[in-house]
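Remarks on the overall topology
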Amino acid sequence: MIKILMERDMPQNFDPSDPAQASRHARIALDAITATAGKMHWLCTYATDDRKLFGLVVVENEDVIAEYVKRAGIDSGIRVHRVTCVLDPALAAPK
């Protein structure tokens, strides 16, 4: 399994601060991921103030992303970034 950061423009009419819209968006994503039969796992998605969505997922292979995009009905381009290393506070060298 590989970790992928998917970047895309936020849908024009989507307001992630609206709980009903966020819930609907999450349901569409989750249903599309569930349809991959365990080949994709959603960790989280970040919505940014410049109207981008960054979804962190784990996939069996990068071909699964095309299946997900189709099932989710995503019509805007997705940029796929393969995560090669995770940097976090646990990596900090001792003082």
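Owing to the predicted nature of the structure, the values given are computational and were not obtained by experimental measurement. (Residues numbered from 1 in each chain as written. Predicted model: local features only at pLDDT ≥ 70, side-chain atom pairs only at ≥ 80, totals over all residues. Heavy atoms only, no water.)

1. Side note on the environment of Arg82
- With respect to the helices and strands, Arg82 occurs in strand S4 (residues 78–82).
- Judged by its relative accessible area of 49%, Arg82 falls in the partly exposed class.
- Taking the C-alpha atoms as reference points, Arg82 and Asp9, 73 residues apart in sequence, are found 18 Å from one another.
- Contacts of Arg82, omitting those with residues within four sequence positions, involve Ile2, Lys3, Ile4 and Glu62. (Helix = DSSP H or I, 4+ residues; strand = E, 2+ residues; numbered from the N terminus. Buried < 20%, exposed > 50% of the residue type's maximum accessible area, 1.4 Å probe, protein only. Contact = heavy atoms within 4.5 Å.)

2. Some points on the nonpolar core
- Ranked by internal contacts, the top residues of the largest apolar core, which has 14 residues, are Ile4, Met6, Met40, Val57, Val59 and Tyr68.
- Counting only elements with at least two residues in this core, the list comes to strand S1 (2–9), helix H1 (19–34), strand S3 (52–59) and helix H2 (63–72).
- Sorting elements by how many residues they give to this core places H2 first, with four residues.
- Once you skip the residues sitting within four places of it in the chain, Met40 turns out to touch Met6, Ile33, Val57, Val58, Val59, Val64 and Tyr68. (Core = buried A, V, L, I, M, F, W, Y, C linked by side-chain atoms within 4.5 Å.)

3. Examining the side chain of Thr36
- The topology assignment puts Thr36 in the loop between H1 and strand S2 (40–47).
- On the accessibility criterion, Thr36 (1% relative accessible area) is buried.
- In terms of polar contacts, Thr36 uses its side chain to reach the backbone carbonyl oxygen of Ile33, at 2.6 Å.
- When neighbours within four sequence positions are excluded, Thr36 is seen to be in contact with Val64 and Glu67. (Polar contact = N/O pair within 3.5 Å; in protein donor to acceptor, adjacent residues only side chain to side chain.)

4. Things to note about the side chain of Glu7
- For Glu7, the location among the structural elements is in strand S1.
- Here the side chain of Glu7 touches His81 through a polar contact of 3.0 Å, side chain to side chain.
- Ignoring any residue separated from it by four or fewer positions in sequence, one finds Glu7 in contact with Lys52, Leu53, Phe54, Gly77, Ile78, Arg79 and His81.

The analysis is restricted to geometry; functional conclusions fall outside its scope.
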